[in-house]
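Residues per chain are reported as follows:
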Amino acid sequence: MNKGLRRCMAAVLGVMLPAAAWAGPYPDQPIRLIVPFGAGGVTDATARVFAEGLTRELGQPVVVENRGGAGGSIAAGAVAKSPADGYTLLVITNGMVAVNPLIYKKLPYDPKQDFTYVAMLANTPTVLAVGADSPYASLPEIIKAASIQADKIAFSTAGEGSDNYQVLELLQQATGVRMLHVPYKSGSESMTAVMSRNTDLTAVSAVTAVGFVEAKQIRPYAVTSSRRLANLPDIPTVKEVLGKDVEGGSLSGIAVPKGTPADVVARLNTAIAAVAKSPSVQDKIYARGSEPVDGSQAAFEQRVVAEQKKWAGILSRPAQ
């Protein structure tokens, strides 16, 4: 084979072979993990523990970036437009995939088209709570106050679509009262608002609640789970207190832009599964109120569909 023919064949192969074939093994550079809410909430805390573990598993820094706002829509929109190369990951919640499409007329992302769902991380119920010096002694008492005068009671959240917004929406539907929604950019800001009496009520993740309850900075009313939590055994369920089912919280997982190579998705899924079994995650997440979840990609995809069907039946009011 003469030199000219070899050059010609090399050029042809260079066009035919995908770029990935020439790249080094994944990952070969730092990875960004985008958190759709401000620092301090359960989504951020979960992301940071997993980021530490993924850094070890993948051999590259996994750097957390907080991009709060619009119930996670700002972060989701940015990641949807990012290169599908496995170097931009998104912590995505059930609210972002199932609630946001029902409450916003326009979104900068499409949860059904723009992402590949890699693995779930944790499911975390919430605690309905008021500030330590709240005049409302119990959940029935604050519900009664809200029933007497519309919008008398203000509740704070990390924004529409966030886990605490979802829970308080469920509470209003279950009791038939309407309260005034005051959104913030993060769960920590929402907590500050209720502790300073700028708002009357909030829902805080079971993981975050423990320290505030022990320090007597908040007064817990009930947990939004089917049974009492092992780490907060003295707090009753909403059903115990009101006789009504109000179960909800934050389901978090990791997604990547649609089109990310299958081998990269598989590598991430394997790494996440390993981190989920680590002592750090067991101690800092699952032992503090979050629940382990099925880590398979198929389970995550099925859960996304189930959440979308669930909330389509709950939120029937017009988009804002």
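A short tour of the structure in this document, coming up.

Rules used throughout
Along each chain, the written sequence defines residue order, and numbers are assigned to residues from 1. Given that this is a predicted model, residues contribute local features only at a pLDDT of at least 70 and side-chain atom pairs are listed and counted only at 80 or more, while totals for whole chains, interfaces and linings are drawn from all residues. Excluded from the side-chain calculations are hydrogens and water; all other atoms, namely the structure's heavy atoms, are used. Numbering of helices and strands runs from the N terminus; a helix is a DSSP stretch of H or I covering at least four residues, while a strand is a stretch of E covering at least two. Think of it in three bands: residues with accessible area under 20% of the maximum for their type are buried, residues over 50% are exposed, and the middle band is partly exposed, with areas taken using a 1.4 Å probe on protein chains only. By the convention used here, residues are in contact when the closest approach between their heavy atoms is within 4.5 Å. Methods summary: accessible areas were calculated by the Shrake-Rupley approach with a probe of 1.4 Å, and residue burial reflects only the protein chains presented. His is not counted, nor are the chain ends; Lys and Arg add positive charge and Asp and Glu add negative charge. To locate a charge, the coordinates of NZ of Lys, CZ of Arg, CG of Asp or CD of Glu are taken. In the sections that follow, a salt bridge refers to a side-chain nitrogen of Lys or Arg positioned within 4 Å of a carboxyl oxygen of Asp or Glu. Whenever a nitrogen or oxygen atom comes within 3.5 Å of another N or O atom, the pair is scored as a polar contact, on the condition that within protein one atom can donate a hydrogen and the other can accept it, and that pairs from neighbouring residues in sequence are kept only if both atoms are in side chains. Given the number of residues in a helix, its expected span is that number minus one, multiplied by 1.5 Å.

### Considering the overall build of the chain
A count of helical and extended segments in the chain gives twelve helices and nine strands. With the C-alpha coordinates of the chain rotated into their principal frame, the extents come out at 90 × 45 × 30 Å. Counting across all 320 residues of the chain, residues that qualify as buried make up 50%. When contacts within the chain are restricted to residue pairs at least 6 apart in sequence, long-range pairs at least 24 apart make up 78% of them. A total of about 14,300 Å² of accessible surface is found on the chain, and carbon and sulfur atoms cover 55% of it. Side chains of the chain carry 31 positive and 27 negative charges; the gap between the two charge centres is 5 Å.

### Re unusual backbone geometry
Cis geometry is found at the peptide bond from Tyr 26 to Pro 27, where omega equals -5°. Among the secondary structure elements, Pro 27 is positioned in the loop between α1 (3-16) and β1 (31-35).

### Topic: the environment of Asp 200
Tracing the sequence through the fold places Asp 200 in the loop between α7 (187-195) and β7 (201-205). The spacing of Asp 200 and Pro 135 is 65 residues in sequence and 9.2 Å in space, taken between C-alpha atoms. Contact partners of Asp 200, with chain neighbours within four places excluded, come to Ala 129, Val 130, Tyr 136, Ile 142, Lys 152, Ile 153, Ala 154 and Val 194.

### So, the pattern of salt bridges
Inspection of the entire model under this criterion finds eight salt bridges. With its nearest N and O atoms 3.9 Å apart, the salt bridge here joins Glu 65 to Arg 67. Among the residues examined, Glu 65 registers a relative accessible area of 24% and is labelled partly exposed. With a relative accessible area of 30%, Arg 67 lands in the partly exposed category. Between Arg 197 and Asp 133 there is a salt bridge, with the nearest N and O atoms lying 4.0 Å from each other.

### Considering the side chain of Ser 73
By the secondary structure assignment, Ser 73 is in helix α3 (residues 73-80). Polar contacts involving the side chain of Ser 73 include one to the main-chain carbonyl oxygen of Ala 70, which spans 2.9 Å. The residues touching Ser 73, leaving out its near neighbours within four places in the chain, are Asn 100, Tyr 104, Leu 107, Pro 108 and Tyr 109.

### Some points on helix α12 (residues 297-314)
With 18 residues, α12 extends 26 Å between its outermost C-alpha atoms, agreeing within 8% with the 26 Å of an ideal straight helix rising 1.5 Å per residue. Among the residues making up α12, those that are buried are Ala 299, Phe 300, Val 304, Glu 307, Gln 308, Trp 311 and Ile 314. Those residues of α12 that are buried are in contact with β3 (88-93), α4 (94-103), β4 (115-131), α6 (163-175) and β9 (249-257).

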